[in-house]
Amino acid sequence: MTDTNKTATLTLDGKSYDLPVLSPSAGPDVVDIRKLYAQADVFTYDPGFTSTASCDSSITYIDGEAGILLHRGYPIDQLASKSHFLEVCYLLLYGELPTAAQLEDFEKRVTNHTMVHEQMHRFFTGFRRDAHPMAIMTGVVGAMSAFYHDSTDITDPWHREVASIRLIAKMPTIAAMAYKYSIGQPFVYPRNDLDYASNFLRMCFSVPCEDYHVDPILSRAMDRIFTLHADHEQNASTSTVRLASSSGANPFACIAAGIACLWGPSHGGANQACLEMLKEIGSPDRIPEFIARAKDKNDPFRLMGFGHRVYKNFDPRATVMKQSADEVLDLLGVENNPILATAKELEQQALADPYFAEKKLFPNVDFYSGIILEAMGFPTSMFTPIFALSRTVGWISQWKEMIEDPAMKIGRPRQLYTGATARDYTDVENR
């Protein structure tokens, strides 16, 4: 962030105020309004903060018009195709890709922290069996601060480092435990000889009565899902983590807040909504009917998993995710799964339809990740927990960046008050 020596002039009630204009390394310039209230006694009004930069950050950059997503300057498609999740975690946390020695050390530290405190197992039994896994994860992650007191002092760099590693390491274990609890199966402990994605799949799908082998194609697809959801700039859940962090709350509470925000269907539930749409369509022969409905402006039906609020051209994550989806479907087949057969046919018909090309409504990462997770055998209730697992490193990276910023202030949004003023209290008898 640099001062451009340019100013924006605001004229109000005959007075003019010069506001500095700041220039980022990429993206549009930003008008600095930090002193506006002190100078002009006015606030700005921006519901949803869609035109407001709430912070400066060097972690992730998105250009939705051009279909660009960069992590520390590296394009997401390169990272997803050439790298793997824990290497991307290192990049997000520390700013640079690791050397071989650094990566080995980082992977070892994460692996050594994958187990959760044994007493935490009792938390799960306090939930109903039909509790949503996101409800369980929100509660359990928030409760981690009651077990790991040696990593809750946000002013201590070592505490911040330990908390970061613990959250990245334990989130797959917690998500898998939430899944196992919901289906009435025993918890499966992590294994140190497996990679991050394979370990998660084994904790979800293995049972004590037989051996479980993780297919490398499924493991790679899972790793890509983690990588493609690792961070996405200042979205709702990341902003929630930052706002909670600004009060000085411990990292486990802040990440629990992010999980709670991600649970919302407008944020983390997109791939679940996509699968529910495919179930509504039911079979490939009904696809023309639903495509016609999607084109009808008077019909509220929309094709979920097509287009993206941020990416106005194409989702740069979708190309790599499509490759994994094709590999998984080739491995597992779609013949006996009408949902997957419908998804594959819908993709082909939509891509061949000029209407969707003109509107730039291409399949996005949620469409393909939903297909993959369905094919692997995950219920839709686990889609958002997997998203939370993936996004934890992004939340932690943004949290660390904010805590280490000497200019950090507690978040305090303003409001446009529209309520009553100057009313006199009257007792009950006179009302």
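Note that the coordinates shown come from a computational prediction; the quantities given were computed from them, not determined experimentally.

1. Topic: the overall build of the protein
The helix and strand inventory of the protein stands at 18 helices and six strands. Computed over C-alpha atoms, the radius of gyration of the protein comes to 24 Å, within 12% of the 22 Å expected from 2.2 N^0.38 for 431 residues, which places it in the range of a compact globule. A principal-axis box enclosing the C-alpha atoms of the protein has dimensions of 75 × 65 × 55 Å. Across the 431 residues that make up the protein, the buried fraction comes to 46%. Within the protein, residue pairs in contact and separated by at least 24 positions form 69% of the contacts whose partners lie at least 6 positions apart. When the accessible surface of the protein is summed, it comes to about 21,500 Å², and 52% of that surface belongs to carbon and sulfur atoms.

2. Observations concerning the sheet that holds strand β4 (residues 60–63)
Paired through their backbone hydrogen bonds, the strands of a sheet run either parallel or antiparallel. Read from one edge to the other, the open sheet built from three strands follows the order β4-β5-β6, with strand pairing classed as antiparallel. Taken across any chain shown, the strands that pair with only one partner, and hence form the sheet edges, are β4 and β6 (74–75). Bridge analysis of β4 against strand β5 (residues 68–71) gives four bridges, and the strand direction is antiparallel. Paired with D63 across the strands is I68, a residue of β5.

3. Some details on the pattern of salt bridges
Applying the stated criterion across every chain yields a total of 17 salt bridges. The residue D105 makes a salt bridge to R109 at a minimum N-O spacing of 3.2 Å. With D105 and R109 both in helix α4 (residues 100–111), this residue pair falls four residues apart, about one helical turn. Taking relative accessible area as the criterion, D105 reaches 41% and is therefore assigned partly exposed. Between E404 and R160 there is a salt bridge, with the nearest N and O atoms lying 3.6 Å from each other. With E404 in the segment after α18 (383–403) and R160 in helix α7 (residues 157–183), this pair connects stretches of sequence that are 244 residues apart. Relative accessible area serves as the criterion here: at 45%, E404 is assigned to the partly exposed category. A relative accessible area of 9% means that R160 is categorised as buried. Residues joined in a network through salt bridges with shared partners are D105, R109, E161 and K400.

Quick notes on the rules
- Residues numbered from 1 in each chain as written.
- Predicted model: local features only at pLDDT ≥ 70, side-chain atom pairs only at ≥ 80, totals over all residues.
- Heavy atoms only, no water.
- Helix = DSSP H or I, 4+ residues; strand = E, 2+ residues; numbered from the N terminus.
- Rg over C-alpha atoms; globule rule 2.2 N^0.38 Å.
- Buried < 20%, exposed > 50% of the residue type's maximum accessible area, 1.4 Å probe, protein only.
- Contact = heavy atoms within 4.5 Å.
- Areas by Shrake-Rupley, 256 points an atom, 1.4 Å probe, with all protein chains shown as cover.
- Pairing = 2+ DSSP bridges.
- Salt bridge = Lys/Arg side-chain N within 4 Å of Asp/Glu carboxyl O.

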